[in-house]
Amino acid sequence: MNVGFIGLGLMGRPMALHLEKAGHALHLWARRPESLAPFIDKAAGVNAKVHATPAAVAASAEVVVTMVADAPDVEHVCLGADGLAAGGRAGLIVVDMSTINPNAARRIGERLAAKGIEFLDAPVSGGETGAINAALTIMVGGKPEVFEKVKPLFEKMGKSVTLIGGSGAGQVAKACNQILTGVGVLAVAEAFNFAAKSGVDPARVREALLGGFAYSKVLENHGQRMLDRNFKPGFKAWMHQKDLRIVMEEAHRMGLMLPSAAATAQVFNAVVGSGMGENDSISALQLLEKMSSKQE
């Protein structure tokens, strides 16, 4: 297939490369020329063509994947003056794999549909490691028949691909994921900080907890990274802050009480406000350590 890809950052780059390795021709656009380097290096032998605008990408592709920061970016790429809608033919499929507000996904899908363009919201979980290993969890909202057309592409990028429901449902599932992972990261950070301040080795505590009901993937994976003091971003703290902002916006809109998510959102606000936004989300541990030191 001719596949467009827009958003060649930390996760988008390896995702696009998986599609190319599977035999699909890539059509690319990027705001930053340096993002294109792995695709235009002749020595790499990548089957990719760079275009001047998103509209030009849409004119050359059957499916276009977007993987950008937030809803305004998705809207600009899809509906701007030189956006995908300006160049796409009827029947084009746009797949947004960013994490945005569910209502924003529905609105963008409706505006594309008015031009005969199909839309799937398909956010992912798994971070940079999952993208590199083609092991992402992909949560999809949209028409079943459109999902089936794109599913072979999803399977080249992820190990778990689920159609959740109609338009926006993928983003709802991703919001649920971010509640669980955000609260989980904070819970592990609190437990490790509590253990250390009590004079007990957090590594031994983790070893014990992995064998009981406290076990979780967050404790196993993120917990080890906390012990290793590896704060290199696999999923940046500002991204989790943004995702929990989406959760709380939807909670306010629906009048829902989400006390754990609300408290965790405030912690990530503080992580970013403390200058650690570009670090991994496990930097919540560093924030707790700093606050504990001030109390001593």
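This write-up is about the structure you can find in this document.

Rules behind the numbers
Residues numbered from 1 in each chain as written. Predicted model: local features only at pLDDT ≥ 70, side-chain atom pairs only at ≥ 80, totals over all residues. Heavy atoms only, no water. Helix = DSSP H or I, 4+ residues; strand = E, 2+ residues; numbered from the N terminus. Rg over C-alpha atoms; globule rule 2.2 N^0.38 Å. Buried < 20%, exposed > 50% of the residue type's maximum accessible area, 1.4 Å probe, protein only. Contact = heavy atoms within 4.5 Å. Salt bridge = Lys/Arg side-chain N within 4 Å of Asp/Glu carboxyl O. Expected span 1.5 Å × (residues − 1). Bend = angle between axes of the 7 residues up to and from the residue.

A separate point is the overall build of the protein chain. Regarding its fold elements, the protein chain presents 14 helices and nine strands. The C-alpha atoms of the protein chain give a radius of gyration of 20 Å, which matches the 19 Å a tight globule of 296 residues would have. Taken over the C-alpha atoms alone, the protein chain extends approximately 65 × 50 × 35 Å along its principal axes. Burial statistics for the protein chain: of 296 residues in total, 49% are counted as buried. Summarising the internal contacts of the protein chain: among those between residues at least 6 apart in sequence, 67% fall at separations of at least 24.

Within the structure shown, the criterion is met by 12 salt bridges. The salt bridge partner of Asp70 is Arg245, with a shortest N-O separation of 2.5 Å. Pair noted here: Asp70 is in the loop between strand 4 (63-66) and helix 4 (71-79) and Arg245 is in helix 12 (residues 237-254), with a separation of 175 residues, a long-range link. The exposure class of Arg245 is partly exposed, given its relative accessible area of 36%. Ionic pairing is found between Glu289 and Arg229, a salt bridge with its closest N-O pair at 2.9 Å. Of the two residues, Glu289 is situated in helix 14 (residues 284-295) and Arg229 in the loop between helix 11 (217-227) and helix 12; the sequence distance between them amounts to 60 residues. Via salt bridges that share partners, Asp70, Arg245 and Glu249 belong to a single interconnected network.

Glancing now at the side chain of Gln286. Looking at where Gln286 falls in the secondary structure, it is placed in helix 14. Look past the residues within four positions of Gln286 in its chain and what remains in contact with it is Arg229, Phe231, Met276 and Asn279.

A word on helix 8 (residues 144-157). Over its 14 residues, helix 8 runs 19 Å from end to end, which matches the ideal 20 Å to within 8%, given 1.5 Å per residue. Along helix 8, the helix axis deviates most sharply at Val150, where the bend reaches about 50°; the proline Pro152 sits within four residues downstream. What helix 8 keeps buried is the set Val146, Phe147, Val150, Leu153, Phe154 and Met157.

Glycine aside, residues mostly have negative phi angles, and peptide bonds mostly take the trans form. The phi dihedral of Ala134 is positive, around 55°, even though this residue is not glycine. Among the secondary structure elements, Ala134 is positioned in the loop between helix 7 (127-132) and strand 8 (136-141).

From the geometry alone we can't say anything about function, so treat these as descriptive.
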